[in-house]
Amino acid sequence: MMTSDPTGVIFADEGRPGSAVAGQKGAWLARMAALGLPVPAAAIVPVAACRGIAGGEAVADALLDALAAGLHARTGEALDDGNAPLWLAVRSSPVLSMPGVLDTALTVGLTSRTLPALARRLGEHAAHRVLWRHVASWARRGRQLDGTRVSGDPFVARLEAALAQHGVDDEADLPLDALAELRAHALEHLARQGRAAPPDDAREQLRAALHRVCRGWHDAQATTWRLERGLPPEPAMAVVVQRMVFGMGPHAGVGTALSRHPNRGDQGAHGEYVAGALGDELTDGLRSGAPLVGTSGRGRTLEEDCPAALAALREGLPRLERDARTPVEVEFAVENGALAWLQARPAGLAAHAALRAVQDMRAAGHLTDDEALALVPAEGLVGAGAMEVVPDAERRVLARGVPAQIGAATGVAVLDPGRVAELARAGVPVVLIRPEARAEDVPAMRLAAALVTARGGTTCHAAVVARVTGVPCVVSCQELRVDPLARQATSARGAPAITEGMALTVDGAAGEVLLGAAPLRHRAPPPGLDALLALADARRKLPVWTRADTPADVGVALAQGAAGIARCSQDALIAAPELRALASSGDLDALAGPLAAHARAVLAAAGRAPVILWLAAPACLGWGADDARLPRLHAVQVRAWAGAAEGRAVQVAAPGGGAPPAPEVVARRWSINGPGGPGGMLVAATDAQPGDAPIGARVEGRPDPVVISRALAARLEFIWGPLPSLPALRLAVAQAERLRRMGDRHDG
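Conventions adopted
Residues numbered from 1 in each chain as written. Predicted model: local features only at pLDDT ≥ 70, side-chain atom pairs only at ≥ 80, totals over all residues. Heavy atoms only, no water. Helix = DSSP H or I, 4+ residues; strand = E, 2+ residues; numbered from the N terminus. Buried < 20%, exposed > 50% of the residue type's maximum accessible area, 1.4 Å probe, protein only. Contact = heavy atoms within 4.5 Å. Core = buried A, V, L, I, M, F, W, Y, C linked by side-chain atoms within 4.5 Å. Salt bridge = Lys/Arg side-chain N within 4 Å of Asp/Glu carboxyl O. Pairing = 2+ DSSP bridges. pLDDT = per-residue confidence, 0-100. 1 Å grid on protein atoms, 1.4 Å probe; cavity = no way out; pocket = protein on both sides within 12 Å on 5 of 7 lines; lining within 4 Å. Points joined across faces, edges and corners; volume = space filled by probe spheres on them. Nonpolar A, V, L, I, M, F, W, Y, C, P; charged D, E, K, R; others polar.

## Side note on the side chain of T111
And then number 1: Looking at the element boundaries, T111 is found in the loop between β4 (104-108) and α4 (115-122).
And then number 2: Judged by relative accessible area, T111 falls into the buried class, the value being 4%.
And then number 3: Setting aside residues up to four positions removed in sequence, T111 forms contacts with D80, D200, D201, A202 and Q205.

Here is the structure:
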């Protein structure tokens, strides 16, 4: 039972607070503690308290006292105690999952008084590795007490230079004087920016960390993420303050483990392990992890280093999955051979892997139908994630790595994440290439057509974001040497250098980066998709429409579950040579016959399903938007459509929301905003009374259920999107309706 505390602090071993109070991470920690898993002592600063700090309130002494006292009672350790010091990890815990968006502060409490104790615990060398990372972390993304946010990472290049200078491949092999130089460089960096070094007082470090993490809610990255989803600006996050476990020393490391394989969906302990590391080295992709089992050329596996820890994961992961009723991913640390479960979340599986997991869990009786619908990422069913390279195509391989998300995409190489948004707005597909994908790169990752990293593994930020959004991703291309400043990546295997602007194809299934634009085709639908869509259709109240311009496309759309055709364009027909010649000659009335014949064929294919004809865009004839012939062309088109309808209600839409060609044609607009930019367009028109016109919204880009759920708050009668995204949209609308019933919150 949770104790009463005037500061509101909750301890993870006191019960099961919901995510509305404790955020996602806090609720999951409490879940793991309730299951008896070895969770390091943790306190949760609840949403209400964090809202005040994010809004500018000071971090109260009473809050620090409550945290220190409660954690001391559970560990026997205290801040700045030279004999039994307490070191902490301070993590954001948002109510709605925001992967890679918010901040984390590790090694809080490392001071000159506690460093000797850390050396006794981990060894002298490991302690000084932690010390330089502690300073670099403060300088890299730190938020000082005045609210100043610092982004960028000047320290990775410095580390790589030190490794090259000393002829070693791993930071653990650097001599102590090299670590001292790295730390001095980080302190010099702070001084050049006029910023203070980390305070040599554990309590003040904790105060600064809480301030930094809470105020991160208002950073540009978090604000953009919320705006994309139409979420309110009020802070909805808690903070977890947890005893630090160091993955350093003998039989020590950090890792991530999933209860299902991220690309296949079969059950087991799947993930990565880095011996002798801190947790952010793996999740940020700074280190490429080894598999959990077997042997590896990328370092010791968990099975080799700590077989007892692997056995504990294999026992605990299925229990956690059954309790949470979802595939799970955990971050863990091993110190002196002892396993600690640090945090957990729903596993970010690829869509086809999630389908496999859903089938298994439903067959075992571990899921309801509503729960099954929520587990497959709708975004991952469309776009590049649903494509593959034509099998017999010529392949010129520039680099190979570890497949993190299947699918294939072509685009231009970009090494600067700051340029991705600009190119995406211009409609240019981008292959983003990075040395490693840091949390601050997540907005660019979501806009890229494909991702490639030189370091990192299948559970780093890049891989997780790619699987959820269906973006092809190849990580751990260790033969690549990526130089963002020079804007090129060179290959150790002698392949041509990748320069910015070069055309590339990423084959996520094969883990290959190919030169040029390889031919692509749609992958076969994953097994189990039809059954899941049947569940979605049975529970979905809002109809899903689509676009179809030909009778054949209309037939395909209805066969794939469309309830109507929201856009049927005759532009291609009008632009055909014969009709274009008639229009150019001025004989617009001669277009009526072919246009009516097309309309009759479309209506015959549609049967009873509603169809909205979109009036011709002037560009199809090479006309300007103010061409004097355009109203007459539209009038001919309306008459042809009305004649073909033979008594059916005529629905006509003007392109781009332009003025309708006649009083009886009514056009209305409704918009939503999504990750791909403005997502709404003109949605409905009719020759009946204005109140009779159906109202819907078009979803552009990836069908994000969180974005769609905002649209459902309005009076909508349908949602529509492109024909290739129809299956994903059917699923996304069902998921969005579930989110609306839950108040737009995941249940943690």
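## Some thoughts on the nonpolar core
It is characteristic of soluble globular proteins that their nonpolar side chains tend to be buried jointly.
And then number 1: V376, L532, V611, I708, I719 and L731 are the most contacted members of the largest nonpolar core, which has 58 residues in total.
And then number 2: In terms of residue count, helix α25 (residues 726-741) provides more of this core than any other element does, eight residues in total.
And then number 3: Ignoring anything within four residues of it in the chain, the contact list for L731 reads L373, V376, A378, L381, L532, L533 and A536.
And then number 4: V59, L63, L86 and A222 belong to the second-largest nonpolar core, a separate cluster that totals 37 residues.

## Some thoughts on the pattern of salt bridges
And then number 1: Taken as a whole and judged by the stated rule, the model has 40 salt bridges.
And then number 2: Among the salt bridges present, the one from D360 reaches R356, with a minimum N-O distance of 3.3 Å. With D360 and R356 both in helix α13 (residues 351-363) and four residues apart, this pair spans about one turn of that helix.
And then number 3: By relative accessible area, R356 is classed as partly exposed at 35%.

## Points about the sheet that holds strand β20 (residues 498-499)
And then number 1: Taken in spatial order, the three strands make up an open sheet running β18-β19-β20, and their pairing is antiparallel. In this open sheet, the two strands that pair with only one neighbour each are β18 (480-483) and β20.

## A word on the confidence of the model for the chain
And then number 1: Mean pLDDT for the chain: 84, with 87% of residues reaching 70 or above.
And then number 2: Contacts of residues 142-152 to residues separated by more than four positions or lying in other chains number 34 contacts, the stretch itself having pLDDT below 50.
And then number 3: Scored below 50 in pLDDT, residues 744-748 makes 20 contacts in the model with residues more than four places away or belonging to other chains.

## Focus on unusual backbone geometry
And then number 1: Not every positive phi belongs to a glycine, and R325 is a case in point at roughly 60 degrees.
And then number 2: Of note, R325 is situated in the loop between α12 (307-324) and β9 (328-335).
And then number 3: Using a relative accessible area of 30% as the deciding quantity, one classes R325 as partly exposed.
And then number 4: Not every positive phi belongs to a glycine, and N336 is a case in point at roughly 55 degrees.
And then number 5: Take N336: its relative accessible area is 52%, and that puts it in the exposed class.

## Here we look at empty space enclosed by the protein
The rolling of a water-molecule-sized probe over the atoms marks out the regions of remaining empty space.
And then number 1: On inspection of all chains with the given rule, the structure shows four cavities of 30 Å³ or more.
And then number 2: Taken as a whole, the largest cavity holds about 90 Å³ of empty space.
And then number 3: What lines the largest cavity is simply A105, L106, T107, V108, H134, S137, W138, Q205, A209 and R212.
And then number 4: At the level of secondary structure, the elements contributing two or more residues to the lining of the largest cavity comprise β4, α5 (124-141) and α8 (202-215).
And then number 5: Broken down by element, the residue count for the lining of the largest cavity peaks at four residues, all from β4.
And then number 6: Its residues assigned to classes, the lining of the largest cavity comprises five nonpolar, four polar and one charged.

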